[in-house]
Amino acid sequence: MAIPAPTLYDSLGGTTLVVDPKGSSGSTIEKGRLLIRSIIDSTIFVIAADTALNGHFTVLLSEVKMNNLTGFMALSKNLTDFVAVATGAKDYTYGGKSMTAAHDPAQNSRMNGKADNSDFNAFENDLVAGAATNGVTTSNPALVSVAKLVESLRKQVVQQ
Ligand code: HEM
């Protein structure tokens, strides 16, 4: 039987189980998923402070201000599932909206206003900053591949 070629998910850490630093005692998580989740959570914090972008996230930010983390946790999970699946993970599925629906305020009331190209550029910069927080820099080929994946979605996210 042929050995399958390594996926981008593998180069992000793959399916090796490690202790989940945020999980209940001793629970484990795939190393690739942990890195993706860590970068995504850091990126959400960068976006929250980025005045170029945070106006679109008013629903999420007002919840967080009131110590309600339900929406944050749902977004963290859906984004992590999305990126994990998109990079080749086999053990997760994405159950959220399509990229077009998720970024259309008429179909997602949590999206405050349509994104334009400069919002998308700001998002990419914030993602690079979120990755750097986790020790992943632009010299890492895996991050370059993730950036290409993100860029391929521009047309679905930018709707004006
Ligand atoms: C390729 C880049 C992007 C990807 C892969 C992505 C992915 C996602 C995903 C998976 C969700 C959750 C959908 C659901 O829960 O059903 C989401 C929600 C959202 N996205 Fe994006 N997104 C991208 C770029 C952007 C940009 C540039 C903006 C800028 C305005 C943006 C704003 C939002 C907002 C406001 C939400 C709702 C957040 C909430 O649940 O409170 N996204 N996105």
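Quick note: structure is the one above.
We now examine the overall build of the chain. Tallying secondary structure elements over the chain gives eight helices and two strands in all. Counting helices and strands in the order they occur from the N terminus, the chain gives α-β-β-α-α-α-α-α-α-α. The C-alpha radius of gyration computed for the chain amounts to 16 Å, which stays within 12% of the reference 15 Å derived for 160 residues, consistent with globular compactness. Oriented by its inertia axes, the alpha-carbon framework of the chain measures out at about 50 × 35 × 30 Å. Buried positions account for 23% of the 160 residues belonging to the chain. Across the chain, every contact between residues at least 6 apart in sequence was considered, and the portion connecting residues at least 24 apart equals 55%.

His56, Leu60, Gly96, Lys97 and Phe123 are the nearest of the 23 residues found near the ligand. For the shell around the ligand, the secondary-structure elements that each account for two or more residues are helix H3 (58-65), helix H4 (70-86) and helix H6 (117-133). If one sorts the elements of the shell around the ligand by residue count, H4 sits on top with five residues.

A few words on H4. Between its terminal C-alpha atoms H4 stretches 24 Å, which fits the 24 Å expected from 17 residues at 1.5 Å a residue. Taken together, the buried positions of H4 are Leu79, Thr80, Phe82, Val83 and Ala84. Elements that come into contact with the buried residues of H4 comprise helix H1 (8-11) and helix H2 (31-48). A positive backbone phi angle near 115° is found at glycine 88, which sits one or two residues after H4.

All right, on to unusual backbone geometry then. Although it is not a glycine, asparagine 67 sits at a positive phi angle of roughly 60°. For asparagine 67, the position within the fold is in the loop between H3 and H4. Owing to 6 C-beta atoms within 10 Å, asparagine 67 belongs among the exposed residues under this scheme.

Here we take up the environment of valine 128. Position of valine 128 among the secondary structure elements: in helix H6. Each C-alpha atom of the pair valine 128 and leucine 143 lies 8.3 Å from the other, and the pair is 15 residues apart in sequence.

Further remarks concern the packing of H2 against H6. Remark: H2 packs on H6, axes separated minimally by 8 Å, with the N-to-C direction vectors making an angle of 125°. As summarised for this structure, H2 and H6 are arranged oblique, according to the angle between their axes. Considering only the axes of H2 and H6, their crossing is right-handed. Taking contact as the criterion, the partners of Ile39, Ser42, Thr43, Val46 and Ile47 in H2 are, on H6, Asp126, Leu127, Ala129, Gly130, Ala131 and Thr133. Taken together, the residues that form the contact of H2 with H6 break down as six nonpolar, four polar and one charged.

Conventions adopted
Residues numbered from 1 in each chain as written. Predicted model: local features only at pLDDT ≥ 70, side-chain atom pairs only at ≥ 80, totals over all residues. Helix = DSSP H or I, 4+ residues; strand = E, 2+ residues; numbered from the N terminus. Rg over C-alpha atoms; globule rule 2.2 N^0.38 Å. Buried ≥ 20, exposed ≤ 12 C-beta atoms within 10 Å, placed from the backbone. Contact = placed C-beta atoms within 7 Å. Near = placed C-beta within 6 Å. Expected span 1.5 Å × (residues − 1). Axes fitted to C-alpha atoms, helices over the stretch in contact; angles between N-to-C directions. Parallel < 35°, antiparallel > 145°, perpendicular 65-115°, else oblique. Left-handed = near helix turned anticlockwise from the far one by under 90°. Nonpolar A, V, L, I, M, F, W, Y, C, P; charged D, E, K, R; others polar.

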